[in-house]
Amino acid sequence: MRIGVDYYPEHWDRALWRQDAELMRETGVRVVRVAEFAWSRLEPEDGRFDFAWLDEVIELMGERGIDVVIGTPTSCPPLWLFEAHPEISQADYSGQRDLPGIRGHRCYQSPVFREYAGRIVRRLAERYRDVKHVIAWQIDNEVEGSFCCCDVCVGKFREWLKRRYGTLEAMNAAFHTDVWSGDYSAWSQVFPPVKNHPMTQYNPGLILDFQRFASQSTEAYVAFQRELIRSIIPGARITTNSWFCEHLPDLYSMYRELDFASYDNYPSTVPDGSSHALHLDLMRGVKRRNFWIMEQLSGLPGCWMNMGRAPQPGMVKGYALQAIAHGADTVVHFRWRCAVGGAEMYWHGLIDHSNVPGRRFKEFEALCEAVRALAPADGSRIESKVALLFGMDNEYAFRSQLQAEGMYYMRQLADWHKAFTALGVNVDVIDQNADLDGYGVVVAPTMYVRSETAARSLHTFAERGGTVLLTCRSGVKDVNNNCIMAPLPTDYADMVGAHVAEYDALGADSARVRFGDEVCRITCWADILESDGAEVVATYLDGFYAGAPAVTRNRYGAGKVYYFGVYGEAALCRGMAERMLKDAGLAYRADLPEGVELVSRTNGDARYTFIFNNGPKPAALDWEGKTLALSPYALRVPELGDFEL
Amino acid sequence: MRIGVDYYPEHWDRALWRQDAELMRETGVRVVRVAEFAWSRLEPEDGRFDFAWLDEVIELMGERGIDVVIGTPTSCPPLWLFEAHPEISQADYSGQRDLPGIRGHRCYQSPVFREYAGRIVRRLAERYRDVKHVIAWQIDNEVEGSFCCCDVCVGKFREWLKRRYGTLEAMNAAFHTDVWSGDYSAWSQVFPPVKNHPMTQYNPGLILDFQRFASQSTEAYVAFQRELIRSIIPGARITTNSWFCEHLPDLYSMYRELDFASYDNYPSTVPDGSSHALHLDLMRGVKRRNFWIMEQLSGLPGCWMNMGRAPQPGMVKGYALQAIAHGADTVVHFRWRCAVGGAEMYWHGLIDHSNVPGRRFKEFEALCEAVRALAPADGSRIESKVALLFGMDNEYAFRSQLQAEGMYYMRQLADWHKAFTALGVNVDVIDQNADLDGYGVVVAPTMYVRSETAARSLHTFAERGGTVLLTCRSGVKDVNNNCIMAPLPTDYADMVGAHVAEYDALGADSARVRFGDEVCRITCWADILESDGAEVVATYLDGFYAGAPAVTRNRYGAGKVYYFGVYGEAALCRGMAERMLKDAGLAYRADLPEGVELVSRTNGDARYTFIFNNGPKPAALDWEGKTLALSPYALRVPELGDFEL
Amino acid sequence: MRIGVDYYPEHWDRALWRQDAELMRETGVRVVRVAEFAWSRLEPEDGRFDFAWLDEVIELMGERGIDVVIGTPTSCPPLWLFEAHPEISQADYSGQRDLPGIRGHRCYQSPVFREYAGRIVRRLAERYRDVKHVIAWQIDNEVEGSFCCCDVCVGKFREWLKRRYGTLEAMNAAFHTDVWSGDYSAWSQVFPPVKNHPMTQYNPGLILDFQRFASQSTEAYVAFQRELIRSIIPGARITTNSWFCEHLPDLYSMYRELDFASYDNYPSTVPDGSSHALHLDLMRGVKRRNFWIMEQLSGLPGCWMNMGRAPQPGMVKGYALQAIAHGADTVVHFRWRCAVGGAEMYWHGLIDHSNVPGRRFKEFEALCEAVRALAPADGSRIESKVALLFGMDNEYAFRSQLQAEGMYYMRQLADWHKAFTALGVNVDVIDQNADLDGYGVVVAPTMYVRSETAARSLHTFAERGGTVLLTCRSGVKDVNNNCIMAPLPTDYADMVGAHVAEYDALGADSARVRFGDEVCRITCWADILESDGAEVVATYLDGFYAGAPAVTRNRYGAGKVYYFGVYGEAALCRGMAERMLKDAGLAYRADLPEGVELVSRTNGDARYTFIFNNGPKPAALDWEGKTLALSPYALRVPELGDFEL
């Protein structure tokens, strides 16, 4: 486990480089990421390169035992390139190009962009291939599947559809273009959905396919850089850095051929009861192994929006340790120092604009120290008996047709992740199509778009004795984003042993259900169930469906299948989780204080329990008969000794 | 009276057609509307037509005694037409065309569009002219007066203005272009107001004229299809279907040459105290005779927006019966079954996506049954002594220059409609320029834009003994949307016997008035009146105008004229209505429970009282000495027997 | 002191002119502004001029002893000009021109526009140069620094940058284009920030420079008209009229060569505790002498938005008198009568649309009468020992990078202006770079962008014994809008005797501070201070920085320097102001009732105390042993006698 920083030498007078490197070394920084946005400094004019400054910085780091990650600078092409080739910008329907001089906005598909991007990446790889302490490469920055309507994208999307459907007839059938005279009689009539145009007005099949296309295009772009680097540096360790953006590419396929996954981790600086642990577990699940944080919260956010609240004492250190607990074995902080210029100057780094290290930097020093104390746990991994399924198609399709106010796919994931982690169990968040062997409980929220693989493996898992949870809006859509013409939850109805007689889109309204002896509040959605043999777990108390089942449990094969037809408050989800863990015979702790997160990591026989207080108040819990106290945002690993990190 | 459904055979496997037709017959469906959006299936390529599938469906219906309405499919031109002729799309100021592949968006004025639309309509009319059970034709779908800036529209608008004003000088004078150097020195300088640009920035005369032009263009388009169909099928019964859209065409002139009016009726599924009865009475007033519902609420709404709440039990049936009570002798439900594809898949039909008829379908069956019980009332009509005036110019002009927060023309209509119907009297909503003979009370809210006809007939009506209500913002504008230079309410000041000394734009603020012994709350607007002989009915209790009259009553000729200078809460409007009915010597019921609506229909000597409980709670009222109980959304017609529908 | 009206003869039938002029004379109107928007009536076709109507109106006024101000009509070019030369419209990035037919929207930089504007201005000046009672000229209307992207503006901006920076290297360094590969390698890559595009996405240096450029372009345009008029009428008194618009030009440089400053004064008609006195003092500070109101509130506002509330009784007269109290020796009311046509018809004038003078006009008559009573105070001026500094760069830069919710530069000014005026002292609002000689207290809120002049003069002022207040976000930026790399408040840290260890962006959140014995609430921002010798005046009570200083006071030279690290509620600011006045040995009144404003004007030895009740309730205060009562919005000047105005 190690700590790093994102560093932008090009922002600073050369005089500062040595001073910064020296302070990094003293503090315990072990890795720096550089070069990410520096294209205009590396290639000031078309074909004229300047690597001298980067050479110097990399050497300064190497001399101090600090490893280097090179970010390819392709996220921000230089203005000379935009000027010479306006066609590298993304375009809207009318052909209007995005403004240059902001950030991003290049079209990955543009052959001209690819040519120039390829050249700068090649030059970087060639120049640093033999530098031993250049230990990894980050491709571009926070790539996402853009809704670009440039000629190239339009053409490629049409080709993609041709390959997928073969004929217009097949595509028309798949998209149900029988509605509103939407039939295509020529490929040239196909056009991508347009950014900022209400997605609800488009054919749902077209939208979902475009999102898949955009994801695959992004993956192809990443693969293009990956192969290029690999062709020059066969042993290079290559990644890209992700965040949960609007047009998320499919993380599972994008990272398949990359060496490790990286996440940009910016938990909220306002304690609101939510936890970034979901994202951490999700990123660990991408390659089902430990991952990196490539950008970690270091100070006040602020750039495109107002500045946000200052991180509370403990957050800078604690959120890095939380990430480590969940498998981020390298945590790179964004960034060493606040930029003093540029639009992002108020996205704060560890050191303030004044260049006087302050409270946050002191915490960072303590973090480096803490990580040294964690050394015995190096190489340990997280094993889990509970899996939470994530499906890209569900996210795409659910987002583009909002079912009711407040209903988000990611919210469901967060609710269930919280319900289980509050019971002190490890949770894996994995691809819905992944192998489920070895799990005892599988939570499959909103299996909205048909995945035959997922449906098959959930059936098998239950048959063989597993405990499964399915939730409302499962089995709604076929693979083309059309409604399936069968009683909900369609593909899952047999497992569930119940069906949806009717539903009510509650949105911001709420209703009550009886769950055991408790009355709980639900919101957003109400599936009005009819049992086909399943046991009723909760019933509605309000509305015209008072008395109808809201939650059921069914025996299926050797296993048990729960169906949860609503969005429930935390207590209800937690109660459900407890039931399921009992059903599966899995141990858990019902006595964890609010906000205390417990992850166990193992290394052969060794076991390390990472106990993190994710909250603004001191907490205490029982640990092997003793009381273990935790300051706000503090971590303890009892197996390593009786001290707080 | 009869029930129908909107049916889209083109959405479904042919295998379902027979099954669907069979179920319709069993259920009691007597009419289906088809073909409305099916252009791309009727003419898959330019000039290649395919009517075979429609022939089959129409035949299936005929075989089962089900009548057919054909909707001309011109609302959604096929993509091949957009591709070959992009100029058929609406354009904005910069010439940018609307996106194809959504819905609507064709420009009615485009000669190319007219040519193609004419051809498909002609083919349909020729093909089905002799099919006896094709009983009516619906032109296009929900036509509205678009703010299109294509070359054709711009040119036609200029021609329209030339015809209206003759010279630029006359138009400049009419528009008061003396403000802000707005003078036109050539017709080529005239441009329509641009969609989505704030209307408040335009010359009010230009906006109002453009709205009139847009309405007349829409009417001309409807007339174009009407004449075409009529030329082929001389006896065809022809309509179009309307809803209260933003750019409403003038319903009175649009429907003049059509055979009957049709309304798309989607009451809110959340009970909020308002009633769709206003719209129903308004649609009956369009041709002053009974009308059709061409689309009737059948399930959860949802498409361009999130899904809304599920209809409460009773709503699917009850709102159809409410429409019938108010004169909708045919009610066609939208739609037989939820679409499983396309953007509108969540605008729910009677049968769910699962194709398993559920609760709503059962209600629909009960509705068909109920309508059979209403057969004795067939042919009955609604007669009313109370008229509520509607003026298109008022709606146009009031909407484009919002006077104060919360002030809407339709809100005034709704308030007064509710005030009178709550007293159990029939209310006609009619064109402000219509004949007022036979009425006892005429409510004329916000006679904002000058209509000489209306002013004359209101004067005559009052002179001859009628009771009239006028409200704030009457007499404000001349026919060119300029303020009239005389004390408000200008054209009506003599009738009113009072004038507006000053006004206050309350917006969301409120104030109190004393009305008899009661203190009531008013909002939005306060006309501070000075009596010129009128009796004071209510006075302000707040603000610098405390003590000034807010409502007056004047004797004018043999009649009485009330002036209501505010927006009042329900109790105040109801109290006013009661006074006016007393003044006019009209019978009413003061004891109706909240939400109970009473419409009397007559057929020669026979009288049928339709009593509808428009609310979520059971209600009871006294009926000829007995207590008559009503379930939520239930209808009773005591003259037909002691049962609930 | 005198009262005038804005008059638009071109809106009215000629028959009304004489009648209006007669009523003006009777009422006591002494000046009218005409011609401002009348270009299309003065030049109906290219090169054909019609001054006859204006001649007649000016003569009618002259005959009645009414002076005239001519507004140059260049704000609204005629449509024939837009048609012949579309390039005179402002453009966006894509070249799309603003719609003609609205208002404004011409590009000041367009050479074609300049040619035509110059010609009409020249013709007006030539025609009326010898008319004695044409006493002043107003250039254009409410000029502002537009974000225009037409070719001319783009070219001029590039030239401006070339002149400023000389080389691309220097500009790149100044803008810190090292961020996000923002380096310019050719001037042709430079583009202005685009209107309506989020400013937060642009390089802050580019934005600030563009705002300066836009301001200077506006100033140059005003200078162009000024020189033209002056060349024809050497002795002309020339002004332009300003309001606090979004893209405010630098008032100090714009008015430098103009003869007097003019302000369009529209206080809110809803009493909300704020005072327009800040704007009045600011406008008086522009040239540090008395100024004009060129447009004064006369009725309900309403045009681009809904109508607002009617002015309360007393407001029409009182707000004019308030303006006079603060140095507006001429107050011109907007406008004589409501327009009956055009988009602005609901921006109400003194006389209603009816042309029947009502309550507001009666107040206006009383105002004219009151001003005659003020005659002895003619020629008096306001002297102040308290200065509040205003810096255009601060406003520009603070607005384009909102620091936290609720933080506005103008809000800080308003808070401190209110704090001091509530204590009955005169306050000058002056350019931050102005001479501070003669002041005892200088309040310098948010000295955000470096001004070496201001920093030097504040140091000198304090050294010599002055009392200074600095507030949070001072010393943040260098002249290029980059953060200064030193502990905040950087340039001021030595005076302050403390530095900002850290800060918290509270936004809408709040916290408490202890100030003496009081607990006060602060919001928006918290500078967490560390004293380097300064005395602590207030400390935080909440958050992780409880106990840290929030406000400090330092002795610097012979003076005292306060630093206020927060946004405070009124009581706190007032308490601070009281302390500072005590420190500076200045007299004040701590007993003024809420809303009572006291301005003293002097004329040699004579002193006149203008006491204004800026509130909806009667007020009373002690005056030389007697109780002085004030009606709402009434003024008293005790030195002129015991009567209320």
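Conventions and cut-offs
Residues numbered from 1 in each chain as written. Chains lettered and ligands numbered in written order. Predicted model: local features only at pLDDT ≥ 70, side-chain atom pairs only at ≥ 80, totals over all residues. Contact = placed C-beta atoms within 7 Å. Helix = DSSP H or I, 4+ residues; strand = E, 2+ residues; numbered from the N terminus. Nonpolar A, V, L, I, M, F, W, Y, C, P; charged D, E, K, R; others polar. Expected span 1.5 Å × (residues − 1). Buried ≥ 20, exposed ≤ 12 C-beta atoms within 10 Å, placed from the backbone. Arc of directions from axis to C-beta. Least-squares fit on C-alpha atoms with pLDDT ≥ 70 in both.

Caption draft 1: Representation of the interface of chain B and chain C within the structure. Taken together, the contact between chain B and chain C spans 42 residues of the former and 45 residues of the latter. Those elements giving two or more residues to the side of chain B that touches chain C turn out to be helix H8 (204-232) and strand S14 (498-515) of chain B. The leading source of residues in the side of chain B that touches chain C is S14 of chain B, at six residues. Along the lines of polarity and charge, the residues of the side of chain B that touches chain C split into 22 nonpolar, 15 polar and five charged.

Caption draft 2: Focus on helix H1 (residues 14-27) of chain C. All names here are of chain C. Here H1 contains 14 residues, and its C-alpha end-to-end distance of 21 Å stays within 8% of the 20 Å for a straight helix at 1.5 Å per residue. For H1, the complete set of buried residues consists of Asp20, Ala21 and Met24. Taken end-on, H1 shows its buried residues confined to a sector of 100 degrees, consistent with a single buried face. Opposite its buried face, H1 presents the exposed residues Ala15, Gln19 and Glu26, each directed more than 90 degrees away. In this structure, the buried residues of H1 make contact with strand S1 (2-6), strand S2 (31-34) and helix H3 (52-63). A positive phi of about 110 degrees marks Gly28, the residue just after H1.

Caption draft 3: The interface of chain B and chain A, seen in detail. In this assembly, 45 residues from chain B lie in contact with 42 residues from chain A. Contributing elements (two or more residues each) for the side of chain B that touches chain A: helix H2 (39-42) and helix H4 (79-84) of chain B. Partitioned by chemical class, the residues of the side of chain B that touches chain A number 23 nonpolar, 14 polar and eight charged.

Caption draft 4: Quick look at the relation of the copies chain B and chain C. It takes a turn of 120 degrees to lay chain B on chain C, together with a shift of 0.0 Å along the axis; the resulting RMSD is 0.1 Å. Both chain copies can therefore be described as sitting about a three-fold axis.

Caption draft 5: Structural detail: the environment of Arg360 of chain B. Its location among the elements puts Arg360 of chain B in helix H12 (residues 359-373). Note on Arg360 of chain B: 25 C-beta atoms within 10 Å, which makes it buried.

The analysis is restricted to geometry; functional conclusions fall outside its scope.
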